[in-house]
Amino acid sequence: TQLLEQSPQFLSIQEGENLTVYCNSSSVFSSLQWYRQEPGEGPVLLVTVVTGGEVKKLKRLTFQFGDARKDSSLHITAAQPGDTGLYLCAGEGTYKYIFGTGTRLKVLA
Amino acid sequence: DAMVIQNPRYQVTQFGKPVTLSCSQTLNHNVMYWYQQKSSQAPKLLFHYYDKDFNNEADTPDNFQSRRPNTSFCFLDIRSPGLGDAAMYLCATSRDLGGASLNEQFFGPGTRLTVL
């Protein structure tokens, strides 16, 4: 069974701080996606990583796919209140996507 | 813009009264998914269609059914909603499956179901 564990589960930080969210598995994924979800809305795709070791940047967000394509990280620099939300990673398995357990981030002004 | 649309955004039903949620897509994707998401949890896959082929998750209750009359539309039917079925229901699409090519998954805004 493919599982994705995210850590931390909850994170509350002050505006301007940096943070890293981890997404780990013992399984290999052909690609991995990161989403942000705000209350009452569907998840919005932030990025897809495909190649082992790949690094992608989206403004203040940096995403990395592990060399073995079993894990990924999301780093946010100088967090802002607008970054508040539920962050989900999802690995593309053979026949379906496997979602991580989620990280709920709150950035305080 | 190409997108995934869900109607209604909010649905209230009574205990035991059948309810249907709808999803449409303009992406012309082969795969459509239905997820159930309860408060602050990750989405849980109920089933998916690859074209007309229906794939049910092993732990999806029989109370949940789905129909896909054409490429663009997919419906979630809850035959006898219980209080425990109150949740956000998310529809998603992807071009393909199987890892042979990049298959990003796109979500609709969701339908929040309340069961009274």
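Heads up: the structure comes first, above all this text.
Small disclaimer: the values here were computed from a predicted structure and weren't measured.

Thresholds, definitions, all that
Position numbers for residues start from 1 in each chain and track the written sequence from start to end. Key to labels: chains lettered from A, ligands numbered from 1, both in the order written. Side-chain atom pairs in this predicted model are given and counted only at pLDDT of 80 or more, local residue features only at pLDDT of at least 70, and totals for whole chains, interfaces and linings cover all residues. Excluded from the side-chain calculation are hydrogens and water; included are all heavy atoms of the structure. In this description a helix means any DSSP run of H or I spanning at least four residues, a strand means any run of E spanning at least two, and both kinds are numbered starting from the N terminus. Between the two quantities, the radius of gyration covers C-alpha atoms and the globule rule is 2.2 Å times the number of residues to the power 0.38. Buried means the residue's accessible area, taken with a 1.4 Å probe over protein chains only, is under 20% of the maximum for its type, while exposed means over 50%, and partly exposed covers the values in between. What makes two residues a contact is simply this: any of their non-hydrogen atoms within 4.5 Å. Computed with the Shrake-Rupley method and a 1.4 Å probe, the accessible areas treat only the protein chains shown as cover for residues. Only four residue types enter the charge count, namely Lys and Arg as positive and Asp and Glu as negative; His and the chain termini do not. Note that the charge is assigned to NZ on lysines, CZ on arginines, CG on aspartates and CD on glutamates. By convention, the term buried area covers the 1.4 Å-probe accessible surface removed from two parts as they join, with the contributions of both added. For this document, the term salt bridge refers to a Lys or Arg side-chain nitrogen within 4 Å of an Asp or Glu carboxyl oxygen. When residues are grouped by polarity, Ala, Val, Leu, Ile, Met, Phe, Trp, Tyr, Cys and Pro land in nonpolar, Asp, Glu, Lys and Arg in charged, and all others, Gly among them, in polar. Two strands pair if DSSP finds at least two bridges between them. What counts as an axis is a line fitted to C-alpha atoms, over the stretch in contact for a helix, and the angles between N-to-C directions run from 0 to 180 degrees.

(A) Region of the structure containing the overall build of chain B. Within chain B, the regular secondary structure consists of zero helices and 11 strands. The linear arrangement of helices and strands in chain B, starting from the amino end, is β-β-β-β-β-β-β-β-β-β-β. Taken against the 2.2 N^0.38 rule, which gives 13 Å for 116 residues, the C-alpha radius of gyration of chain B at 14 Å falls within 12% of a compact globule. Counting only C-alpha atoms and orienting by the principal axes, one finds that chain B spans roughly 45 × 30 × 30 Å. For chain B, with 116 residues in total, the buried portion stands at 46%. Contacts spanning at least 24 positions in sequence make up 57% of the contacts within chain B whose residues lie at least 6 apart. Element-wise, carbon and sulfur atoms account for 49% of the exposed surface of chain B, whose accessible area totals about 5,600 Å². Once the 10 positive and 10 negative side-chain charges of chain B are each reduced to a mean point, those two points are 8 Å apart.

(B) Quick look at the environment of Asn24 of chain A. Residues and elements named next belong to chain A. The topology assignment puts Asn24 in strand S3 (residues 19–24). Asn24 gets classed as partly exposed once you look at its relative accessible area, which sits at 36%. If near-sequence neighbours (up to four positions away) are discounted, Asn24 is found in contact with Leu3, Leu4, Glu5, Lys70 and Asp71.

(C) Region of interest: the interface of chain A and chain B. Each partner contributes residues to the interface: chain A has 23 residues there, and chain B has 26 residues. Summed over both partners, the interface of chain A with chain B comes to about 1,800 Å²; 53% of that surface belongs to carbon and sulfur atoms. Its largest share of buried area at the contact with chain B, chain A owes to Lys96, Tyr97 and Phe99 of chain A, together 27% of the area lost on that side. Between chain A and chain B we count two salt bridges in total. A salt bridge links Glu41 of chain A to Arg9 of chain B; the shortest N-O distance between them is 3.5 Å. Elements with a contribution of two residues or more to the side of chain A that touches chain B: strand S4 (32–37), strand S5 (44–49), strand S9 (85–92) and strand S10 (97–99) of chain A. Partitioned by chemical class, the residues of the side of chain A that touches chain B number nine nonpolar, 10 polar and four charged.

(D) Expanded view of the sheet that holds strand S7 (residues 61–65) of chain A. Residues and elements named next belong to chain A. Strand order across the open sheet formed by five strands is S1-S3-S8-S7-S6, with antiparallel pairing between neighbours. With one partner strand each, in any of the chains shown, strand S1 (5–7) and strand S6 (55–58) form the two edges of the open sheet. Neighbouring strand axes in the sheet, compared pairwise and without regard to direction, differ in orientation by 15° on average.

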